[in-house]
Amino acid sequence: MKVVVIIPAAGLGTRMAPMPSAMDARAKKPHPSKQFTDLAGTPILIHTLRKFAAVDIITEIWIALRENEIEGFRERLNKEAKDVLKKRVEFVVGGEHRQQSVEHALNSIRAAAEDIVLVHDAVRPLVTEEIICEVIEAAKKYGAAIAGLPAVDTVKQVERTSEGAIIKTTIPRAGIVLAQTPQGFRYDVIQKVFNEAAADGFMGTDEASLAERAGHEVAVVMGSPRNIKITNPGDMELAEFYLKASAEGVDHR
């Protein structure tokens, strides 16, 4: 059995874009896409790749990027992150949407039915080896699995109005899980659910949603509050704090 990781990283990350006043007035260069934004001096994407490169059971990593970014990032890995390249690293051209990027990678992978495919957000650089391995084991057992966290806040369902939102009901949080990545699947399962989604023109919110739609059981393993997805500028400070804590040996759980 081999384990393949797909990192969809072709997004523009517009929510990380700075205000115009934060742009370099002389060079007129916009802020890089969030996956290339430096976190403690290293691009977020490289932090993420290093987490998976450090896991022995993982055999190859596929990165989906915009076509004009592939060669530049390949060179950057060769110069700054040779530790990532101890794994087989391949690039594919990403699509407009995450699902298309993952599909492009799936169409390029050679795998047996029982091999495991992990899909992970490019901007979740604080995932732990423990979470990765637990998702792999659950995917082997159930065919599909994700990392997730139980909801701790009260969850309200609302109706949107022109003036805001009105609460319609309170959803019991005992039945709510906040999805994280990695999300793992046997190769035969993820190929089947992606093919069905493509045939029907269905666009899901994540890979697990395609499996759910197909009626496939998806297991949940415990994620971590620190396994954050860096989406807004405010997430950077928190990620830097967690990264420092990790370097000092503080438990990620």
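Here the structure is a predicted model, which is why all the values come from computation and not from measurement.

**Focus on the overall build of the protein chain**
Okay, so step 1: The secondary structure content of the protein chain amounts to seven helices and 11 strands.
Okay, so step 2: Burial analysis of the protein chain (253 residues in total) assigns 46% to the buried set.
Okay, so step 3: Sequence-distant contacts, at least 24 apart, represent 74% of the contacts inside the protein chain between residues at least 6 apart.
Okay, so step 4: In the structure as shown, the protein chain presents an accessible area of about 13200 Å², 51% of it carried by carbon and sulfur atoms.

**A word on unusual backbone geometry**
Okay, so step 1: Residue T181 is joined to P182 through a cis peptide bond whose omega torsion reads 15°.
Okay, so step 2: Within the secondary structure, P182 sits in strand β10 (residues 177-186).
Okay, so step 3: A positive phi angle, close to 55°, is found at A40, a residue other than glycine.
Okay, so step 4: Mapped onto the elements, A40 comes out in the loop between β2 (38-39) and β3 (42-43).

**Some details on the nonpolar core**
Okay, so step 1: In this structure, L45, I63, F73 and L77 are the most contacted members of the largest nonpolar core, which totals 36 residues.
Okay, so step 2: Broken down by element, this core gets its largest block of residues, six residues, from helix α4 (residues 129-142).
Okay, so step 3: Those residues in contact with F73 that sit more than four places away from it in its chain are F36, L45, I46, L49, I63, L65 and F91.
Okay, so step 4: With 20 residues, the next largest nonpolar core counts A64, V102, A105 and V117 among its residues.

**Quick look at helix α5 (residues 187-200)**
Okay, so step 1: When the terminal C-alpha atoms of α5 are compared, their 20 Å separation across 14 residues agrees well with the 20 Å that a helix rising 1.5 Å per residue should span.
Okay, so step 2: Residues of α5 that are buried include every one of Y187, V189, I190, Q191, V193, F194 and A197, and no others.
Okay, so step 3: Residues of α5 that are buried sit in contact with α3 (98-106), β6 (116-119), β10 and α6 (207-213).
Okay, so step 4: Where α5 ends, the next residue or the one after it, G201, has phi of about 70°, a positive value.

**Examining the sheet that holds β10**
Okay, so step 1: Strand order in the open sheet formed by seven strands is β5-β4-β1-β6-β10-β7-β11, and the pairing between neighbours is mixed. Strands with a single pairing partner mark the edges of an open sheet, and in this sheet they are β5 (88-93) and β11 (219-222). The average angle at which neighbouring strand axes cross in this sheet is 25°, direction not considered.
Okay, so step 2: Both strand β1 (residues 3-8) and strand β4 (residues 58-65) contribute to a ladder of six bridges, which runs parallel. What sits directly across from V5, in β4, is I61.
Okay, so step 3: Packing of helix α2 (residues 70-80) onto the sheet brings it into contact with β4 and β5, and relative to β5 it is tilted by some 165°.
Okay, so step 4: Lying on the sheet, α3 is in contact with β1, β4, β5, β6 and β10; it crosses β1 at an angle near 145°.

**As for the packing of helix α1 (residues 44-53) against α2**
Okay, so step 1: Two elements in contact, α1 and α2, have axes separated by 12 Å at closest approach and are oriented at 65°. Handedness of the α1/α2 crossing: right-handed. Contact with α1, carried on its side by L45, I46, L49 and R50, involves F73, R76, L77 and E80 of α2 and no other residues of that element.

**Concerning the pairing of β10**
Okay, so step 1: Alignment of β6 against β10, held across four bridges, turns out to be antiparallel. When the bridges of β10 are listed, L118 appears paired with G184.
Okay, so step 2: Taken together, the six bridges between strand β7 (residues 144-150) and β10 define a ladder with antiparallel strand orientation. Directly across from G148, in β10, lies its bridge partner A179.

**Structural notes on the confidence of the model for the protein chain**
Low pLDDT marks stretches whose predicted atomic positions should not be read closely.
Okay, so step 1: Here the protein chain averages 91 in pLDDT, and 90% of its residues register 70 or above.
Okay, so step 2: With pLDDT under 50 throughout, residues 17-27 is counted as low confidence; its partners more than four residues away or in other chains account for five contacts.

**Things to note about the packing of aromatic side chains**
Given two aromatic rings, their pairing is described by the distance between the two centres and the angle made by the two planes.
Okay, so step 1: Per the counting criterion, the structure on display carries three aromatic pairs.
Okay, so step 2: Taken together, a centroid distance of 6.3 Å and an interplanar angle of 80° make the contact between F73 and F91 edge-to-face. Here F91 lies in strand β5 and F73 lies in helix α2, a separation of 18 residues in the sequence.
Okay, so step 3: Owing to a relative accessible area of 14%, F91 belongs among the buried residues under this scheme.
Okay, so step 4: An angle of 55° between the planes, with centres 5.9 Å apart, marks the rings of F241 and Y242 as tilted.
Okay, so step 5: Accessibility expressed as a relative area gives 14% for Y242, which makes it buried.
Okay, so step 6: Grouping aromatic residues by their ring pairs yields a cluster made of F36, F73 and F91.

Parameters at a glance
- Residues numbered from 1 in each chain as written.
- Predicted model: local features only at pLDDT ≥ 70, side-chain atom pairs only at ≥ 80, totals over all residues.
- Heavy atoms only, no water.
- Helix = DSSP H or I, 4+ residues; strand = E, 2+ residues; numbered from the N terminus.
- Buried < 20%, exposed > 50% of the residue type's maximum accessible area, 1.4 Å probe, protein only.
- Contact = heavy atoms within 4.5 Å.
- Areas by Shrake-Rupley, 256 points an atom, 1.4 Å probe, with all protein chains shown as cover.
- Core = buried A, V, L, I, M, F, W, Y, C linked by side-chain atoms within 4.5 Å.
- Expected span 1.5 Å × (residues − 1).
- Pairing = 2+ DSSP bridges.
- Axes fitted to C-alpha atoms, helices over the stretch in contact; angles between N-to-C directions.
- Left-handed = near helix turned anticlockwise from the far one by under 90°.
- pLDDT = per-residue confidence, 0-100.
- Phe/Tyr/Trp six-rings, centres within 6.5 Å; stacked < 30°, edge-to-face > 60°.

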